[in-house]
Amino acid sequence: MKYLKFILAGVLFGIIMAKGEIISWYRIYEMFRFESFHMYGIIGSAVVLGILMVQIIKRTQLKDIQGSSITFNPKDKSIIRYLVGGTIFGLGWALAGACPGPMFVLVGYGYLSLLIVIGGALLGTFLYGLLKSRLPH
Amino acid sequence: MDLILEPWPWYVAGPAIALVMFLLLYFGGNFGMSANLRTMCAIAGGDKYTDFFKFDWKKQKWNLMFVVGAIIGGFISANFLANGQAIDLNPNTITALEDLGFQEVGESYLPGEIFGREAIFSLKGILILIGGGLMVGFGSRYAGGCTSGHAISGLSDLQIPSLIAVIGFFIGGLIMTHLLIPIIF
C-alpha cells in the first residue's frame with residue numbers, strides 16, 4: 001500500500017500532462033519557435049511556485065510523511081556536462097516532441113509508437129552508462 | 001465538469017505540476033522522470049556491462065510506481081477526459097508545418113507524419129523515433145536530469161547547474177526546430 005500514493009500522484013501527473021497539452025509534439029515545436037506563451041507559462045509558473053515551496057520546506061524544516069527531513073542534493077559543479085548533455089537532450093526533445101515523462105503518458109493515451117521512442121531512450125541511457133568514464137564531466 | 005474536459009490553460013497546468021513536485025517530496029521521493037530510464041536499464045541487466053547500473057534499484061521502486069500512474073493518467077485522459085478539441089496553435093506555427101508538408105496540424109496531439117503507422121514502418125520514420133529517444137536518454141543522463149529534474153526541480157532549488165542544463169535544452173531544441181527539422185522533413 002505504501003506505493004499507492006505514488007501511483008495516484010502519477011495519475012495526477014499524467015492527467016496534467018495530457019490536459020495541459022504538454023504531451024503534444026506541436027506544443028513543443030511551437031515553444032521552440034517562440035510562438036506561444038503556453039509552455040513558458042506552464043514551466044514558469046511551476047518554477048515560481050516551486051521556488052517558494054522549496055524555501056518554505058527549508059525554512060520550516062518540513063518533514064516528509066515518514067518523519068524524515070526533506071533534503072535537496074546540490075548538483076555537482078560543472079559546466080561541460082550540463083551544457084553538452086543538455087544540448088543533446090534538447091535535440092531529442094524537439095525531434096521526438098516528448099521528454100521522459102510525456103513519453104509514458106502518451107503510451108497510456110494510446111500512442112503506441114512512443115514505445116519505440118522509449119526504446120531509443122533506454123538505448124541512449126545504456127550508451128551513456130558504457131561511455132560515462134570516457135566523457136568529460 | 002466541462003471545465004475539466006476543456007484543454008487546461010497554463011495557469012492551471014503549471015501550478016498543478018508544482019503540486020505534483022510537492023507531493024513527491026512529501027511522500028519521501030523527488031520529481032525526476034529520467035532516473036526511471038536508468039532504473040529500467042539496471043533491471044534489464046545493465047549492471048553486467050557497467051558499474052553505472054550497479055545500484056540498489058529497489059530504492060527507486062516508488063518512482064517506477066509514479067510512471068505506472070502516469071501511464072494510467074494518460075489512459076484516463078484519453079478515454080474519459082478528452083473532448084476531441086484541436087490544439088489552439090499559433091497560426092504561424094501551423095503555416096510553418098504545412099510548408100514542411102505536415103497535414104491536419106494540431107487536430108490531434110501528435111503529427112501522423114512522425115508517429116503514424118506509415119511513418120513507423122519506414123526506415124526514415126523509425127530512425128527519427130529511435131534517434132529522438134536516444135538523444136533524450138543519452139542527453140538527460142549526461143546532463144544528470146531532464147525537464148522535471150532540472151527545469152522544474154533544479155531551478156526551484158536555484159541550482160546553477162540546472163540553469164546551465166536548461167540553457168543546453170534550448171540550444172539543442174532551437175537547433176533542431178530551426179535548422180534540422182526543415183532538412184529532415
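Quick caveat, the model's predicted, so the values are computed rather than measured. Numbers given to residues run from 1 along each chain, matching the order in which its sequence is written. Labels follow written order: the first chain is A, the first ligand is 1, and so on. Local features are withheld for residues below a pLDDT of 70 in this predicted model, meaning they are given only at 70 or higher, and side-chain atom pairs are given and counted only at 80 or more; totals for whole chains, interfaces and linings count all residues. The basis for the side-chain values is all heavy atoms of the structure; hydrogens and waters are excluded.

Draft legend 1. Helix α1 (residues 4–19) of chain A, seen in detail. Residue and element names in this part refer to chain A. The numbering of helices and of strands both runs from the N terminus, where a helix is a DSSP run of H or I of at least 4 residues and a strand a run of E of at least 2. Multiplying 1.5 Å by the helix residue count minus one yields the expected span of that helix. Between its first and last C-alpha, α1 extends 23 Å over 16 residues, near the 22 Å set by a 1.5 Å rise per residue. Taken together, the buried positions of α1 are F6, A9, G10, V11, F13, G14, I15, I16, M17, A18 and K19. Following α1 by one or two positions, E21 has its phi on the positive side, about 60 degrees. In this scheme, a residue with accessible area under 20% of its type's maximum is buried, one over 50% is exposed, and one in between is partly exposed, where area comes from a 1.4 Å probe on protein chains only.

Draft legend 2. Here's a closer look at the interface of chain A and chain B. Pairs of residues are marked as contacts when any of their non-hydrogen atoms sit within 4.5 Å. Counting from both sides, the interface comprises 107 residues of chain A and, opposite them, 122 residues of chain B. What gets called buried area is simply the loss in accessible area from a 1.4 Å probe that two parts show on being joined, summed for both. Together chain A and chain B conceal approximately 10400 Å² of surface at their shared face, both sides included; 79% is due to carbon and sulfur atoms. Note on definitions: salt bridges are taken to be side-chain nitrogens of Lys or Arg within 4 Å of carboxyl oxygens of Asp or Glu. Counting every contact that joins chain A to chain B gives 1 salt bridge. Here a polar contact is recorded for every N or O atom pair within 3.5 Å, except that within protein the pair must consist of a potential hydrogen donor and a potential acceptor, and residues adjacent in sequence are included only if both atoms are side-chain atoms. The tally of links between chain A and chain B comes to 26 residue pairs in polar contact (both at pLDDT 80 or more).

Draft legend 3. Molecular detail of the nonpolar core. For the purposes of this section, nonpolar cores are sets of buried Ala, Val, Leu, Ile, Met, Phe, Trp, Tyr and Cys residues that join through side-chain atoms within 4.5 Å. A:F13, A:W25, A:M103, A:L114 and B:I17 are the most contacted members of the largest nonpolar core, which has 90 residues in total. Beyond its immediate chain neighbours, meaning those up to four positions away, B:I17 contacts A:I16, A:M17, A:I22, A:I42, A:A46, B:F31 and B:I152. If you look at the next biggest cluster of nonpolar residues, it comprises 7 residues, including A:Y128, B:C41, B:A42 and B:F138.

Draft legend 4. Structural detail: a nonpolar patch on the surface. Patches here are clusters of residues that have more than 30% relative accessible area and form no salt bridge, with a 9 Å joining cutoff for like charges and a 5 Å cutoff for nonpolar side chains (Val, Leu, Ile, Met, Phe, Trp, Tyr). In this description, accessible areas are obtained by the Shrake-Rupley approach with a 1.4 Å probe, and a residue is regarded as covered only by the protein chains that are shown. Taken together, the side chains of A:I79, A:I80, A:L83, A:V84, B:I160, B:L163, B:I167, B:I171, B:I175, B:L179, B:L180 and B:I183 make up a nonpolar region of the molecular surface, amounting to roughly 1000 Å² of accessible area. Those elements that place two or more of their residues in the nonpolar patch are α4 (80–96) of chain A together with α10 (160–184) of chain B. Within the fold, B:I171 resides in helix α10. Classification of B:I171 by relative accessible area gives partly exposed; the value is 35%.

Draft legend 5. Representation of the layout of surface pockets in the model. What the largest pocket holds in volume is close to 1100 Å³. As defined here, a cavity is a set of points on a 1 Å grid over the protein atoms alone where a 1.4 Å probe fits but cannot get out. A pocket is an open set with protein on both sides within 12 Å along at least five of seven lines, and residues line them when an atom is within 4 Å of a point. Lining the largest pocket are 45 residues, and of these A:N73, A:K75, B:N30, B:G144 and B:G149 lie nearest its centre. For the lining of the largest pocket, the elements supplying multiple residues, two or more each, are α4 of chain A together with α2 (10–26), α3 (35–43), α4 (61–80), α8 (123–143) and α9 (147–156) of chain B. In terms of residues, the lining of the largest pocket owes the most to one element, α9(B), which gives 5 residues. Partitioning the lining of the largest pocket into residue classes produces 16 nonpolar, 19 polar and 10 charged. Grid points are joined across faces, edges and corners, and a volume is the space filled by probe spheres set on the points. The nonpolar class holds Ala, Val, Leu, Ile, Met, Phe, Trp, Tyr, Cys and Pro. Asp, Glu, Lys and Arg form the charged class, and all remaining residues, Gly among them, are polar.

Draft legend 6. Region of interest: α4(B). Relative to the 28 Å expected for 20 residues at 1.5 Å per residue, α4(B) spans 28 Å between its end C-alpha atoms, a close match to the ideal helical length. If you check which residues of α4(B) are buried, you get B:W62, B:N63, B:L64, B:F66, B:V67, B:G69, B:A70, B:G73, B:G74 and B:S77. As for α4(B), its buried residues are in contact with α1 and α5 (100–109) of chain A together with α2 and α3 of chain B.

Draft legend 7. Looking closely at empty space enclosed by the protein. According to the stated counting rule, one finds 1 cavity of 30 Å³ or more in the structure shown. Looking at the largest cavity, it is lined by 19 residues, and the ones nearest its centre are A:M17, A:I22, A:C99, B:T147 and B:S148. Those elements giving two or more residues to the lining of the largest cavity turn out to be α1, α3 (38–60) and α5 of chain A together with α9 of chain B. Take the lining of the largest cavity: its biggest share by element is 4 residues, from α3(A). Its residues placed into classes, the lining of the largest cavity shows 16 nonpolar, 3 polar and no charged.

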